[in-house]
Amino acid sequence: MSDHRQRFLALAAEREALRFGSFTLKSGRSSPYFFNAGRFDSGMALAELGECYADALEASGLDFDMLFGPAYKGIPLATAVAIALARRGRNLPLAFNRKEAKTHGEGGQLMGAPLAGRVLIVDDVITAGTAVRESLSLIRAAGATPCGVLIALDRQERGTGRRSAAQEVAESEEIPVIAIAGLADVLAYTERDARLADHLEPLRRYRAEFGCDG
């Protein structure tokens, strides 16, 4: 497992963004683990998370010109990534959207830098792909080009078909989806920590039943 994946999972476990047990998902499935990026709720946690995102992004070699954070969780996440990249010498424009268009003041649905060039979307996870597709529409409507999606965790499990939500977005929209870590990494992390031994077999069974490659 690469260093940034290990650091991300350790941080997620420390902040209780990654929890093990029994959780009912929106899909109705009973999952042995749960991820909630909302638990990265301090300046230090977001700073460390931003560095993990930046490491994953640099490892991907993706070419992009600016960042976009979908409301709501994508806004602080994209901001954290922008700060991490700026510390590394790359100062990039950042934009994000409102859930509803503002009718007073500056108005509109978009805030931040004007959308232009190759735009990278930053979010926590892809569940159904709805938020990502809304972002893609906003970016294209502004005349810019969406070039990829950067997420924290890819659950790497099937949706209604044989592919995961991340795979469906990548294939239908013809853009890469980059994740800091995936279910395979969660399994590897669990295998290395004796304190999590009781959760290893439920994770393996879950992956065998619902998992998909990629």
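All values derive from a computational prediction rather than experimental measurement.

(A) The pairing of strand 6 (residues 118-122), seen in detail. Of all the five residues making up strand 6, four are buried; the element is thus mostly covered by neighbouring parts of the structure. Sheet topology note: the strand 3 (residues 66-69)/strand 6 ladder contains three bridges and is parallel. The residue of strand 6 that forms the bridge with L67 is L120. Looking at chain direction, strand 6 and strand 7 (residues 145-154) are connected through five bridges and run parallel. Across the sheet, V122 pairs through a bridge with L150, a residue of strand 7. This β-α-β element, strand 6 to helix 4 (residues 130-141) to strand 7, shows right-handed connectivity.

(B) Geometry of the packing of helix 1 (residues 3-14) against helix 2 (residues 43-60). At their nearest, the axes of helix 1 and helix 2 sit 9 Å apart, and the two run at 155° to each other. Compared by their axis directions, helix 1 and helix 2 come out roughly antiparallel. When you trace helix 1 past helix 2, the crossing you get is left-handed. Touching H4, R7, F8 and L11 of helix 1 are A45, E48, L49, C52, D55, A56 and A59, all from helix 2. Tallied by class, the residues present in the contact of helix 1 with helix 2 amount to seven nonpolar, one polar and three charged.

(C) Expanded view of helix 2. Spanning 18 residues, helix 2 covers 26 Å between terminal C-alpha atoms, matching the ideal 26 Å at 1.5 Å per step. When helix 2 is considered as a whole, its buried residues turn out to be A45, L49, G50, C52, Y53, A54, D55, A56 and L57. Next to the buried residues of helix 2 lie helix 1, helix 3 (74-87), strand 6, strand 7 and strand 8 (177-182). Looking one or two places after helix 2, you find G61, whose phi comes out positive at around 75°.

(D) How the structure looks around the UniProt feature "binding site: orotate" (unreviewed entry) in the protein chain. As annotated in UniProt, the feature "binding site: orotate" (unreviewed entry) corresponds to F34, F35, T127 and R155 in the numbering used here. On the basis of their most widely separated C-alpha atoms, the annotated residues across 122 residues gather in one place, lying no more than 12.5 Å apart. For F35, the location among the structural elements is in strand 2 (residues 30-35). Residue class for F35 comes out buried when judged on its relative accessible area of 12%. Not counting residues within four places of it along the chain, the set of residues in contact with F35 comprises F8, A12, A17, L18, F40, D124, V125, A152 and L153.

(E) Local environment of the nonpolar core. In terms of nonpolar packing, the biggest core is built from 48 residues, with F8, F35, F40, Y53 and L67 touching the most fellow members. Among the elements that line this core, the one with the most residues is helix 2, at seven residues. If sequence neighbours within four positions are ignored, L67 has contacts with A78, V81, A82, L85, P93, L94, A95, V119, L120 and V122. Counting residues in hydrophobic clusters, the runner-up holds 19 residues, among them A95, L136, A165 and V169.

Reading guide: rules and limits
Residues numbered from 1 in each chain as written. Predicted model: local features only at pLDDT ≥ 70, side-chain atom pairs only at ≥ 80, totals over all residues. Heavy atoms only, no water. Buried < 20%, exposed > 50% of the residue type's maximum accessible area, 1.4 Å probe, protein only. Helix = DSSP H or I, 4+ residues; strand = E, 2+ residues; numbered from the N terminus. Pairing = 2+ DSSP bridges. Right-handed = clockwise from strand over helix to strand, strands pointing away. Axes fitted to C-alpha atoms, helices over the stretch in contact; angles between N-to-C directions. Parallel < 35°, antiparallel > 145°, perpendicular 65-115°, else oblique. Left-handed = near helix turned anticlockwise from the far one by under 90°. Contact = heavy atoms within 4.5 Å. Nonpolar A, V, L, I, M, F, W, Y, C, P; charged D, E, K, R; others polar. Expected span 1.5 Å × (residues − 1). UniProt positions renumbered as here; feature names shortened; annotations may be inferred. Core = buried A, V, L, I, M, F, W, Y, C linked by side-chain atoms within 4.5 Å.

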